[in-house]
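Next come the chains, spelled out residue by residue.
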Amino acid sequence: MVNNPKKMLSFEVFPPNTEVGTSKLFKTLDELKELSPDFISVTCSNNNRTDIGHTTIRVADYVNNTLNIPAVAHLSAAYLDKNQVKEILEQLKTKGIHQILALRGDITTLPTKNDFHFASDLVRFIRAYDETFEILGACYPDIHPESQNRVTDFHYLKEKVDSGCDKLITQLFFDNNTFYDFQERCAIAGIEVPILAGIMPIVNRNQAIRLLKTCNTPLPKKFVRILEKYEHNPLALKDAGIAFAIDQIIDLTTEDVDGIHLYTMNNAETAKSIHHATSSLFYQELS
Ligand SMILES: NC(=O)C1=CN([C@@H]2O[C@H](COP(=O)(O)OP(=O)(O)OC[C@H]3O[C@@H](n4cnc5c(N)ncnc54)[C@H](O)[C@@H]3O)[C@@H](O)[C@H]2O)C=CC1
Ligand SMILES: Nc1nc(=O)c2c([nH]1)NC[C@@H]1CN(c3ccc(C(=O)N[C@@H](CCC(=O)O)C(=O)O)cc3)CN21
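Conventions and cut-offs
All residue numbers here refer to positions counted from 1 along the written sequence of the relevant chain. For this description, chains carry letters from A and ligands carry numbers from 1, given in the order in which they are written. At least 70 in pLDDT is required for a residue's local features to be given in this predicted model, at least 80 for side-chain atom pairs to be given and counted, and no such filter applies to totals for whole chains, interfaces and linings, which use all residues. For the purposes of this entry, the term helix denotes a DSSP run of H or I that reaches at least four residues, the term strand denotes a run of E that reaches at least two, and both are numbered from the N terminus. Taken over C-alpha atoms, the radius of gyration is set against a globule rule of 2.2 Å times the number of residues to the power 0.38. We call a residue exposed when 12 or fewer other C-beta atoms sit within 10 Å of its C-beta, buried when the count reaches 20 or more, and partly exposed for counts in between; the C-beta positions come from the backbone. Think of a nonpolar core as buried Ala, Val, Leu, Ile, Met, Phe, Trp, Tyr and Cys residues chained together by C-beta atoms that fall within 7 Å. Note on contacts: each residue gets a C-beta atom placed from the backbone, and two residues are in contact if those atoms are within 7 Å. The criterion for a residue being near a molecule or strand is simple: its C-beta atom, placed using the backbone, must lie within 6 Å of it. As a working rule, the residues Ala, Val, Leu, Ile, Met, Phe, Trp, Tyr, Cys and Pro are called nonpolar, Asp, Glu, Lys and Arg charged, and the rest polar, with Gly in that last group. Two strands make a pair as long as DSSP finds a minimum of two bridges between them. Axis definition: a line fitted to C-alpha atoms, over the contacting stretch in the case of helices. Angles run 0 to 180 degrees between N-to-C directions.

**Notes on the overall build of the protein chain**
- Regarding its fold elements, the protein chain presents ten helices and ten strands.
- Against the globule reference of 19 Å for 287 residues, the protein chain gives a C-alpha radius of gyration of 18 Å, in line with a compact fold.
- Residue burial in the protein chain is summarised as follows: out of 287 residues, 40% are buried.

Written as structure tokens, this is what we have:
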């Protein structure tokens, strides 16, 4: 029996605001390395967007060049102009980081710039600037909250992929049927790039509430019951949240998903629990 690596597994982390937080994250990343992910992606925070050298790029540099795990740097372009993006691309090239998650970015109350209105503008720009970058894009099985309907949402997704995305990572979702439906719509539309399923284990109630508000992700009844029942029992919420994510992953790997992107953020313990319970499912057994 030979184990043949097949489905991708990746993790996402966010750069902390302090030096102490960053040292702690580096220790977390050392632990994530042990799980041999295909890549680790590093978010681009809402603050300091124009100076990601000290945040996203510093962490991605550690992942890529100290741990030797491919890093994916998130790049949110709505608050950047072309020259700033060029500068960031040069910094990434210097550090040998050649994978980018090209995003528009969450729109806040800050004034945006005019060069990149949508993620597809950034995808096109990176492609034209240097074709050696691997470009990932975000996609929304549950529909992007700003979209009027599924038709326009999907139309713009197709345009984004055709602009040069090599892979897609989904927004977090809690109902796998939504994902399967999305996969089918992609196949019908001729979107052929790998689609990594973004799974977020909910282990912390406050984080969950903040994030679910931003993402506007619908919650299945079963999941709402968990949040209600274990509202004042953090340990039970953590156990239930991890088990829910594992259940989703077992179903997705059984249905031959291209890969799982784990939104475990800076929590190595959760990443390890999930990895421990599911790692064999990422391999195809050959006899
Ligand atoms: N891991 C991360 O950091 C992730 C962040 N996000 C966030 O999700 C949000 C959306 O980001 P992206 O997917 O990069 O944005 P996007 O630019 O692909 O889409 C944003 C919205 O604009 C619409 N749209 C796209 N092109 C359009 C066009 N030409 N005309 C009119 N409407 C158009 C889309 O349908 C969607 O509603 C951001 O807030 C981003 O930061 C989403 C997923 C992951
Ligand atoms: N609309 C949207 N924006 C995003 O930034 C985003 C998504 N969707 N979908 C998937 C991932 C998940 N992201 C996350 C998820 C959790 C934290 C988080 O736990 N943040 C800390 C505080 C962060 C800080 O120090 O500023 C928290 O406790 O909430 C961060 C980014 C980023 N991503």
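**Some details on the environment of Arg210**
- Along the chain, Arg210 falls in helix H7 (residues 205-215).
- In this structure the C-alpha to C-alpha distance between Arg210 and His54, which are 156 residues apart in sequence, comes to 25 Å.

**Some remarks on the nonpolar core**
- Residues Ile40, Ala71, Ala73, Leu75, Ile100 and Ala102 are the most contacted members of the largest nonpolar core, which totals 73 residues.
- Excluding anything up to four places from it in sequence, Leu75 contacts Cys44, Ile88, Ile100, Leu101, Ala102, Leu103 and Leu122.

**Comments concerning the site of ligand 2**
- Taken together, 15 residues lie near ligand 2, and Phe14, Gln207, Thr214, Cys215 and Met265 sit nearest.
- Of the residues contributing to the shell around ligand 2, the split by class is seven nonpolar, six polar and two charged.

**Focus: the sheet that holds strand S5 (residues 99-103)**
- Read around the closed barrel, eight strands run S2-S3-S4-S5-S6-S7-S8-S9, paired in parallel fashion. In this sheet, neighbouring strand axes are inclined to one another by 25° on average, regardless of whether the strands run parallel or antiparallel.
- By the bridge criterion, five bridges tie strand S4 (residues 71-76) to S5 in an arrangement that is parallel. The residue bridging Ala73 from the neighbouring strand is Ile100, located in S5.

**Overview of the environment of Lys27**
- Inspection of the secondary structure puts Lys27 in helix H1 (residues 19-33).
- Residues Lys27 and Phe14, 13 residues apart in the sequence, show an inter-C-alpha distance of 14 Å.

**A short note on the site of ligand 1**
- Close to ligand 1 lie 18 residues; Asp106, Phe118, Ala119, His144 and Tyr156 are nearest.
- Of all the secondary-structure elements, those providing two or more residues to the shell around ligand 1 are S4, helix H4 (119-129) and helix H5 (150-162).
- For the shell around ligand 1, a count of residues per class yields five nonpolar, eight polar and five charged.

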